[in-house]
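Tertiary structure, described
What follows is the residue order along each chain.
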Amino acid sequence: MRGTRPDTPPTAAADDGFRPAAPPAWTRWLPFLYTALVLLLEAALHKEWAVSFFLIALPAIAAYAFGPAAVAAFTALAILLEGSLAATAHHLGETHHVTADIATAVVGILATALAAHRRSQERHLVHANSVAEALMRALLRPVPHQVGNVLAACLYRPSEAGTMVGGDLFDIRATRAGERAIIGDVRGKGLPAVRTVAALLGSFRDAAYEAHDLPAVAARLERGLVREAEETRDAERSRPPCPSSTTAWRTG
């Protein structure tokens, strides 16, 4: 942890990582390319095939990357093009063309509902991830540039992109006995791991100032971990103390 201070905040990358991932560029261009392809085929195969019927799929294609308003617009465009192409061929009133328009409208309604649901799920995901980020930032507090006689800096990047909820933990404190720090990773994922992280950091932040030496700090951490395991009925964590991935140290 000794070094210079990074340009970015110590517990976050340059981006917060919780905005919905933008759809690939090709999915945004696909409805336009698909429409152009259908029109080219219609011009080339006008007499042999009613290629305009392929426009029924246009709203569903648009739903992959666009919101409900845009999908509704693509639905209207598909129906308008189908009607224009049918009128050009003098088939506007024929039953199969009317059926194609109705099918396009039905697909458009379903695709619009799908796009609205996707947007709603994205907003829910952003909210949930924002709460998780706030929780982890409260636990993994930013490391000051200088702690006692130690220049400190850290950068925390989760192993899974877009999530900060996990079992990683770190902290450093300046005490009368010297600078004491902890770096670790508890077993598990999600909220159970976060609860264990909170228990360990709470024990460390008390023991770092009160315990007279490092074995006493480690003993306090072990007792805190055992209490946490007993409350959550975790048999593995409530076993007798053994070497773990959590390390407490004091700089000289």
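1. Some points on helix α1 (residues 25-44)
Here α1 contains 20 residues, and its C-alpha end-to-end distance of 28 Å stays within 8% of the 28 Å for a straight helix at 1.5 Å per residue. Pro-31 marks where α1 bends most, by close to 35°. Turning to α1, its buried residues are Thr-27, Pro-31, Tyr-34, Thr-35, Val-38 and Glu-42. On its buried face, α1 is in contact with α2 (58-62) and α3 (68-88).

2. Here we look at the nonpolar core
By size, the foremost hydrophobic cluster in this structure holds 25 residues, and its most contacted members are Leu-140, Leu-169 and Leu-201. Counting only elements with at least two residues in this core, the list comes to α4 (95-139), β3 (168-175), β4 (178-185), α5 (190-210) and α6 (214-232). Broken down by element, this core gets its largest block of residues, 8 residues, from α5. Core analysis: the next-biggest nonpolar cluster, separate from the first, contains 16 residues, Val-51, Ala-65, Phe-74 and Leu-81 among them.

3. A closer look at the pattern of salt bridges
Evaluation of the coordinates by the stated rule reveals 4 salt bridges. With a shortest N-O distance of 3.3 Å, Glu-122 and Arg-118 are connected by a salt bridge. Of the two residues, Glu-122 and Arg-118 both sit in helix α4, 4 residues apart, roughly one turn of that helix. Across the pair Glu-210 and Arg-220 runs a salt bridge whose closest N-O atoms are separated by 3.3 Å. You can see Glu-210 sitting in helix α5 and its partner Arg-220 sitting in helix α6, a full 10 residues away along the chain. Via salt bridges that share partners, Asp-171, Arg-173 and Arg-205 belong to a single interconnected network.

4. Points about α4
Helix length check: α4 (45 residues) gives 66 Å between terminal C-alpha atoms against 66 Å at 1.5 Å per residue, within 8%. Every buried residue of α4 is accounted for by His-97, Ala-100, Thr-104, Gly-108, Ala-111, Thr-112, Ala-115, Asn-129, Ala-132, Glu-133, Met-136 and Leu-139.

5. Topic: the side chain of Ser-52
Relative to the assigned elements, Ser-52 resides in the loop between α1 and α2. If near-sequence neighbours (up to four positions away) are discounted, Ser-52 is found in contact with Val-38, Glu-42, Glu-82 and Leu-85.

6. What to know about the packing of aromatic side chains
As enumerated under the stated definition, the model contains 4 aromatic pairs in all. Where Phe-32 meets Phe-66, the ring centres are 6.5 Å apart and the plane angle is 80°; that geometry is what we call edge-to-face. With Phe-32 in helix α1 and Phe-66 in the loop between α2 and α3, this pair connects stretches of sequence that are 34 residues apart. You can call Phe-32 partly exposed: its relative accessible area is 45%. Overall, the relative accessible area of 11% leaves Phe-66 in the buried class. Here the aromatic cluster, defined as three or more aromatic residues joined through ring pairs, consists of Trp-29, Phe-32, Phe-66 and Phe-74. When the ring centre of Phe-66 is taken as reference, the NZ or CZ atom of Arg-28 above it lies at 4.7 Å.

7. Overview of the packing of α1 against α3
When two helices pack together, their arrangement is given by the angle between their axes and by how far apart the axes lie. Interaxial distance between α1 and α3 falls to 12 Å at its minimum, and their mutual angle equals 5°. When the axis of α1 is compared with that of α3, the two are roughly parallel. In this structure, α1 contributes Pro-31, Phe-32, Thr-35, Leu-39 and Glu-42 to the contact, and α3 contributes Phe-74, Leu-81 and Leu-85. Its residues assigned to classes, the contact of α1 with α3 comprises 6 nonpolar, 1 polar and 1 charged.

8. Points about the environment of Pro-24
Structurally, Pro-24 is set in the segment before α1. Owing to a relative accessible area of 43%, Pro-24 belongs among the partly exposed residues under this scheme. Placed 41 residues apart in sequence, Pro-24 and Ala-65 show a C-alpha to C-alpha distance of 8.1 Å.

9. Some words on the packing of α3 against α4
The interhelical angle for the contact between α3 and α4, taken along N-to-C directions, is 170°, at an axis separation of 8 Å. Taken as axis vectors, α3 and α4 run roughly antiparallel relative to one another. On α4, the residues that touch Pro-68, Val-71, Ala-72, Thr-75, Ala-78, Ile-79, Glu-82, Gly-83 and Ala-86 of α3 are His-97, Ala-100, Asp-101, Thr-104, Ala-105, Gly-108, Ala-111, Thr-112, Ala-115, Ala-116 and Arg-119. When grouped by side-chain class, the residues that make up the contact of α3 with α4 number 11 nonpolar, 6 polar and 3 charged.

Conventions we followed
Residues numbered from 1 in each chain as written. Predicted model: local features only at pLDDT ≥ 70, side-chain atom pairs only at ≥ 80, totals over all residues. Heavy atoms only, no water. Helix = DSSP H or I, 4+ residues; strand = E, 2+ residues; numbered from the N terminus. Expected span 1.5 Å × (residues − 1). Bend = angle between axes of the 7 residues up to and from the residue. Buried < 20%, exposed > 50% of the residue type's maximum accessible area, 1.4 Å probe, protein only. Contact = heavy atoms within 4.5 Å. Core = buried A, V, L, I, M, F, W, Y, C linked by side-chain atoms within 4.5 Å. Salt bridge = Lys/Arg side-chain N within 4 Å of Asp/Glu carboxyl O. Phe/Tyr/Trp six-rings, centres within 6.5 Å; stacked < 30°, edge-to-face > 60°. Lys NZ or Arg CZ within 6 Å of the ring centre and 35° of its normal. Axes fitted to C-alpha atoms, helices over the stretch in contact; angles between N-to-C directions. Parallel < 35°, antiparallel > 145°, perpendicular 65-115°, else oblique. Nonpolar A, V, L, I, M, F, W, Y, C, P; charged D, E, K, R; others polar.

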